[in-house]
Amino acid sequence: MIKIEHVTKTFRDFWCRPKVTAVKNLTFNVPAGEVFGLLGPNGSGKSTIIKMILGLLYPSRGSLTVMGKTPRDVHVKEDMGYLPEESYLYPYLTADETLQFYGNLFSLEKKIRKERIGQLLEMMGLTHARDRRIGEFPKGMVRRIGLAQALINDPDLLILDEPTSGLDPLGCRQVKDLIRTLAQRGKTILLCSHLLADVEDVCDRIAILYHGHIQAIGPIKNLLEEKNQHRLTLSNIQPNTMKSILEAVRGIIGQNLKVDHPQKDLEQLFMEVVEKAEGQTHLSSGVSASKRVAPYLDPGSSESI
Ligand SMILES: Nc1ncnc2c1ncn2[C@@H]1O[C@H](COP(=O)(O)OP(=O)(O)OP(=O)(O)O)[C@@H](O)[C@H]1O
Ligand SMILES: [Mg+2]
C-alpha cells in the first residue's frame, strides 16, 4: 500500500540552501490491511513523512509510492482519508454541513452522502449534535467529526495524526476499536501518536524515529517481548497447592518463582466503572458511544453503500 525507498527530505531556505534534513534515507513498506504506527520525539520527522505520503511535500531524494502510484495522482487521493493533528474544520459550519462539504469534495451523490453522514454521526455518537456549529464543540467532539470527515470517502488508506488526542478514555477506546475494526475490513491505517499505550493497543507494526532515522522497526509483539523470560498464569490455586508447586519448581530448576496477581490496566477499570454507571443512569448531554461501525464501511454488511 505504501512503499518508501531511500527517501530523504531536506527543507531549504529562501536562497535554496539546505536548512533542516527532516528525514534521512528512510526505507519501509506498509502492506494492505496493516495498522502501522510512527513514533518518535517532537521534530523527529513523523509529520514530514505523512505529508509526503499525502503528496503535500515531495521527497528531495528517493522514491515514495502509494497504491503503486505517486501520491500526487488524484485517483490515489480519492482513496485516502486524513485526520490532521490540528483541527482545520470551519467553526461556523454545523456537524452536518461539515460532512456535506467534505462529501461534496469527493463528488459523492446526494443520496450516498446523506446515508453515509447519518451512519457516521451515529457511529461517532454525534447524531444529537448534527445541527450544532463545530465552533461550539468541545475538543473531543471536534476530533470525532474530524475522524468522520476522514472516513466519508470510504478510503482504503487512512492516515491519522494523533487520532486520540483530546478524547476521554471512552472515546479513545471507541476510536481504537474502530481502527481495529477497519483494519479487519481490509483498510490500511498509518497513525502517529505520542500516546504509547494507544499505539500498543492498535498497531501491528511500528517504527520509532529519531532525528529522521528509523531506530527500531518491527511487529510490536516482537519488539516488546522479553524472550528470555516466561510467565505462567494459574487460576484459583489453593495455598497448599501453590506451596507444592513452588517447592517442585525449586527442586527441578533451582530457581524461586516470582508470584503476584495480574493487574488490570487503568483503562479497563475506567471502562468497567463508566459502563456500570451508564447502566444505572440516563445521560443525555455529551457523546453517546455507538458500538456499531458505519455499515457502509463494512463491505460484508447488507446495508453497505
Ligand atoms: N516547512 C518546513 N520548513 C522547514 N523546516 C521544517 C518544515 N517542516 C518541518 N520542518 C523541520 O523538520 C523537522 C521534522 O519536523 P516534523 O514536523 O516532521 O516532526 P514531528 O515528528 O511531526 O514532530 P511533532 O511530534 O512535534 O509533531 C523539524 O526539525 C522541523 O523543524
Ligand atoms: Mg508532527
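Residues numbered from 1 in each chain as written. Chains lettered and ligands numbered in written order. Predicted model: local features only at pLDDT ≥ 70, side-chain atom pairs only at ≥ 80, totals over all residues.

1. Digging into the nonpolar core
Condition: Note on terminology: a nonpolar core is any set of buried Ala, Val, Leu, Ile, Met, Phe, Trp, Tyr and Cys residues joined through C-beta atoms within 7 Å. Residues are called buried when their C-beta atom has 20 or more other C-beta atoms within 10 Å, exposed when it has 12 or fewer, and partly exposed otherwise; all C-beta atoms are positioned from the backbone. Helix and strand assignments follow DSSP, with helices taken as H or I runs no shorter than four residues and strands as E runs no shorter than two, numbered in order from the N terminus.
Ile53, Leu120, Ala148, Ile159, Ile189 and Leu190 are the most contacted members of the largest nonpolar core, which has 63 residues in total. The leading source of residues in this core is helix α5 (residues 139-151), at six residues.

2. Description of the sheet that holds strand β2 (residues 18-30)
Adjacent strands of a sheet pair through backbone hydrogen bonds, lying either parallel or antiparallel. Definition in use: What makes two strands pair is DSSP finding at least two bridges between them. Here the axes come from fitting lines to C-alpha atoms, over the contacting stretch only for helices, and the angles between their N-to-C directions go from 0 to 180 degrees. Two residues form a contact once the distance between their C-beta atoms, set from the backbone, is within 7 Å.
Strand order in the open sheet made by the three strands is β2-β1-β4, with antiparallel pairing throughout. At either margin of the open sheet sits one strand with a lone partner, and together these are β2 and β4 (61-66). For this sheet the average axis-to-axis angle between neighbouring strands, irrespective of direction, equals 25 degrees. Judged from the five bridges that link them, strand β1 (residues 2-12) and β4 form a sheet pairing that is antiparallel. Within β4, the residue paired with Ile4 across the bridge is Leu64. Docked against the sheet, helix α1 (residues 46-53) engages β1, β2 and β4, running at close to 115 degrees with respect to β1.

3. Things to note about the site of ligand 1
Where we set the bar: Whether a residue is near a molecule or strand depends on its C-beta atom, placed from the backbone, lying within 6 Å of it.
Surveying the vicinity of ligand 1 reveals the residues Phe11, Lys19, Val20, Ala22, Gly40, Asn42, Gly43, Ser44, Gly45, Lys46, Ser47 and Thr48. Mapped by element, the contributors of at least two residues to the shell around ligand 1 are β2 and α1.

4. Some details on the domain arrangement of the protein chain
Formally: A domain assignment, automatic or from a database, supplies the domain bounds used here.
According to the domain assignment, the protein chain consists of domain 1 (2-226) and domain 2 (238-281). The distance between the C-alpha centroids of domain 1 and domain 2 comes to 37 Å.

5. Quick word on the environment of Lys69
Relative to the assigned elements, Lys69 resides in the loop between β4 and α2 (74-78). Looking at Lys69, the number of C-beta atoms within 10 Å reads 11, which means it is exposed. Spatially, the C-alpha atom of Lys69 lies 21 Å from that of Leu83, the residues being 14 residues apart in sequence.

6. So, the sheet that holds strand β5 (residues 80-83)
Read across the open sheet, the six strands follow the order β5-β6-β7-β3-β8-β9; overall the sheet is mixed. Only two strands of the sheet have a single partner each, and these edge strands are β5 and β9 (213-219). Put simply, the sheet's adjacent strands are angled 15 degrees from each other on average, direction ignored. Strands in contact with helix α6 (residues 169-184) are β3 (35-39), β6 (157-161) and β7 (188-192); relative to β7, the strand with the most contacts, it is inclined by about 150 degrees.

7. Some words on the pairing of strand β8 (residues 205-210)
Where β3 lies against β8, four bridges are found, and the strand directions are parallel. The residue bridging Gly37 from the neighbouring strand is Ile206, located in β8. Sheet analysis places β8 next to β9, joined by six bridges and oriented antiparallel. What sits directly across from Leu209, in β9, is Ile214. Hairpin connection between β8 and β9: a loop of two residues separates the two successive antiparallel strands, and His211 in this loop has a positive phi of roughly 50 degrees.

8. A short note on the packing of α6 against helix α10 (residues 266-280)
Rule in force here: Working rule for angles: under 35 degrees goes down as roughly parallel, over 145 as roughly antiparallel, 65 to 115 as roughly perpendicular, anything else as oblique. As a working rule, the residues Ala, Val, Leu, Ile, Met, Phe, Trp, Tyr, Cys and Pro are called nonpolar, Asp, Glu, Lys and Arg charged, and the rest polar, with Gly in that last group.
In contact at an axis separation of 10 Å, α6 and α10 are set at 110 degrees when each is read in the N-to-C sense. Comparing their axes, α10 and α6 come out roughly perpendicular. Where α6 abuts α10, its residues Pro169, Leu170 and Arg173 lie against Glu267, Phe270, Met271 and Val274. When the residues that make up the contact of α6 with α10 are grouped by side-chain class, the tally is five nonpolar, no polar and two charged.

9. Description of unusual backbone geometry
Residues other than glycine seldom take positive phi values, yet His211 does so here, at roughly 50 degrees. Counting through the fold element by element, His211 comes out in the loop between β8 and β9. The exposure class assigned to His211 is partly exposed, which follows from the 14 C-beta atoms found within 10 Å. One non-glycine residue, Asn236, lies in positive phi territory at about 45 degrees. Position of Asn236 among the secondary structure elements: in the loop between α8 (220-224) and α9 (239-253).

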